[in-house]
Amino acid sequence: MALTVDMEKRLGDFHLQARFQAGDEALALLGASGCGKSVTLKCIAGILRPDRGHIELDGKVLFDSKANINLPPQQRGVGYLFQQYALFPHMTVAQNIAAALHRQPKKGRAETARRLLETFHLTGLEQHYPAQLSGGQQQRVALVRILASKPQAILLDEPFSALDSSLKLELELELESMLEGFGGTVLWVSHDRAEVERHCRQVAVMESGNVGRVTTLEELRRNPATVAEARMAGCRNFTACTVSGGVLHAPGWGLTLPCPAKDGRYTLGLPDHALAPGADLHGVVARRMESGDQVTALLHLATGEVLVIVQAMEACPPIGSPLSLAVLPDRFYLIPSH
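Residues numbered from 1 in each chain as written. Predicted model: local features only at pLDDT ≥ 70, side-chain atom pairs only at ≥ 80, totals over all residues. Heavy atoms only, no water.

Engineer: With reference to specific residues and values, describe the environment of E218.
Structural biologist: Relative to the elements of secondary structure, E218 occurs in helix α7 (residues 217-222). We classify E218 as partly exposed; its relative accessible area is 45%. Considered as a pair, E218 and R201 are 17 residues apart in the sequence and their alpha carbons are 8.5 Å apart. (Helix = DSSP H or I, 4+ residues; strand = E, 2+ residues; numbered from the N terminus. Buried < 20%, exposed > 50% of the residue type's maximum accessible area, 1.4 Å probe, protein only.)

Take a look at the structure:
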């Protein structure tokens, strides 16, 4: 069982090009706001029609521009959890759930709804309206409504983006528990890398309407293939460089390092774990922000470039002080330029 997506969609100047496959697992589409994550979900769900391409779920064609196939949302077998849950405000909890059971015989709908309410700890809220529920209860009702329709895939569109941190963690645990018994594809859209790491093993980074490769989170952290992947892996510092004869030259940072990569032009990325006390980079601490036992600081290099660094409290000197750092071998990112 798998979801196959190969489509394009234009919205004004924005051009979405989404090509990927997802199996019976949780796959994250990770990217900044505006990169096309929600548009991708809406095309899969049938809310938006792609301009061209093919979408298939478990062997069933949902959309095909050449064959003129475009199934309506209710025929796709896809459950979509919107950011604001999209419950029917004029319906009670029981009625919201019953609305997803329209394919079942009328005789058994009430019993199925009662069982779902009991399973997901919503007993006693049957006659409440969405406005009378907490954020966590609304999310639970929305997900129960999705599961009641027995979807083959579930699409989660930034499910925790509007929540404060304490409620977010609580609902993450609830959602994880509710999805444990689901055997199909879960497509999880987020801009939050930490959230994705807690819930997904596979990830594809999106940037400017393009979906990158599907890879593991470990591979994304260890060996990002693009600057977008490196940025989503947490890297903040990038500069152009060249490798020639086993030596890396990054003139923007005044940096020269031994490097076994092939000769060519690259983008050099320095994640936090690639820096340690040493003598490869030299600068002056310009700003400091303390958090717990760590300091995030701006390091002004002699070349005029600025690095964002994270240091242990005792390793970062006061503002205006010089600071030298080493670049650790095999810890930096080297991304070929195209």
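The discussion continues.
Engineer: How would you summarise the pattern of salt bridges if you had to cite specific residues and measurements?
Structural biologist: The final tally for this structure, using the stated rule, is 15 salt bridges. Residue R236 pairs with D272 through a salt bridge whose shortest N-O separation is 2.7 Å. With R236 in the loop between α8 (227-232) and β12 (237-244) and D272 in the loop between β15 (264-270) and β16 (275-291), the pair connects residues that are 36 residues apart, well separated along the chain. Exposure remark for D272: the relative accessible area of 31% places this residue in the partly exposed category. Three or more residues joined by partner-sharing salt bridges are found here, namely D6, E8, R19 and R52. (Salt bridge = Lys/Arg side-chain N within 4 Å of Asp/Glu carboxyl O.)

Engineer: How would you sum up the sheet that holds strand β19 (residues 322-327)? Please name residues and give values.
Structural biologist: Strands belonging to one sheet form pairs held by backbone hydrogen bonds; the direction of such a pair is parallel or antiparallel. Pairing within the open sheet is antiparallel, and its four strands lie in the order β18-β17-β16-β19. For this open sheet the edge positions go to β18 (306-312) and β19, each flanked by a neighbour on one side alone. Neighbour-to-neighbour, the strand axes of this sheet turn through a mean angle of 50 degrees, independent of strand direction. (Pairing = 2+ DSSP bridges. Axes fitted to C-alpha atoms, helices over the stretch in contact; angles between N-to-C directions.)

Engineer: I'd love a proper account of the sheet that holds β15, names of residues and values included.
Structural biologist: Strand order in the open sheet formed by five strands is β14-β13-β12-β15-β20, and the pairing between neighbours is antiparallel. Where the open sheet ends on each side, the last strands, each with one partner, are β14 (255-258) and β20 (333-336). Across the sheet, the mean angle from the axis of one strand to that of its neighbour is 30 degrees, orientation sign disregarded. Bridge count for β12 against strand β13 (residues 247-250) is three bridges, and the pairing is antiparallel. By the bridge assignment, V243 is partnered in β13 with L248.

Engineer: Before we move on, could you go through the layout of surface pockets and cite the residues and values that matter?
Structural biologist: Estimated volume of the largest pocket: approximately 720 Å³. Around the largest pocket, the lining is made up of 27 residues, and of these Q74, V78, G79, A100 and S149 lie nearest the centre. Every element with two or more residues in the lining of the largest pocket is listed here: β7 (78-81) and α4 (135-148). Looking at side-chain class alone, the lining of the largest pocket contains 17 nonpolar, seven polar and three charged residues. If you add up the space inside the second largest pocket, you get close to 410 Å³. (1 Å grid on protein atoms, 1.4 Å probe; cavity = no way out; pocket = protein on both sides within 12 Å on 5 of 7 lines; lining within 4 Å. Points joined across faces, edges and corners; volume = space filled by probe spheres on them. Nonpolar A, V, L, I, M, F, W, Y, C, P; charged D, E, K, R; others polar.)

Engineer: Could you give an account of the packing of aromatic side chains, with specific residues and numbers?
Structural biologist: Counted under the stated rule, the structure contains zero aromatic pairs. Above the plane of the ring of F88 lies R145, whose end atom (NZ or CZ) is 5.2 Å from the centre. (Phe/Tyr/Trp six-rings, centres within 6.5 Å; stacked < 30°, edge-to-face > 60°. Lys NZ or Arg CZ within 6 Å of the ring centre and 35° of its normal.)

Engineer: Tell me what's going on with the nonpolar core, and back it up with residues and numbers.
Structural biologist: I97, L156 and W188 are the most contacted members of the largest nonpolar core, which has 46 residues in total. The element best represented in this core is α4, accounting for seven residues. One finds L3, M7, L27 and L29 within the second-largest nonpolar core, a separate group that totals 29 residues. (Core = buried A, V, L, I, M, F, W, Y, C linked by side-chain atoms within 4.5 Å.)

Engineer: Please set out the environment of L125 residue by residue, giving values where relevant.
Structural biologist: By secondary structure assignment, the location of L125 is in the loop between α3 (106-119) and α4. When the C-alpha positions of L125 and F82 are compared, they lie 21 Å apart, and in sequence the two are 43 residues distant. Once residues within four sequence positions are removed from consideration, L125 is found in contact with V93, L133 and Q137. (Contact = heavy atoms within 4.5 Å.)

Engineer: Now, about the pairing of strand β10 (residues 202-207): what can you tell me, with residues and values included?
Structural biologist: Counted residue by residue, β10 has five buried out of six residues, so it is predominantly covered. Two elements, strand β3 (residues 26-30) and β10, share four bridges in a ladder whose sense is parallel. Residue pairing for β10: A28 is matched across the bridge by V203. Two strands pair when backbone bridges link them, and β10 and strand β11 (residues 210-216) are joined in this way by five bridges, in the antiparallel orientation. Counterpart to Q202 in the pairing with β11 is T216. Between β10 and β11, which follow one another and run antiparallel, lie two residues, and S208 among them has a positive phi close to 50 degrees.

Engineer: Residues and numbers for α4, please.
Structural biologist: For α4, built from 14 residues, the straight-helix expectation of 20 Å at 1.5 Å per residue is met to within 8% by its first-to-last C-alpha distance of 20 Å. Judged by how many residues are buried, α4 sits mostly within the fold: 11 of 14 residues are covered. Those residues of α4 lying buried are G136, Q139, R140, V141, A142, L143, V144, R145, I146, L147 and A148. Of the residues trailing α4, K150 is marked for its positive phi of about 55 degrees. (Expected span 1.5 Å × (residues − 1).)

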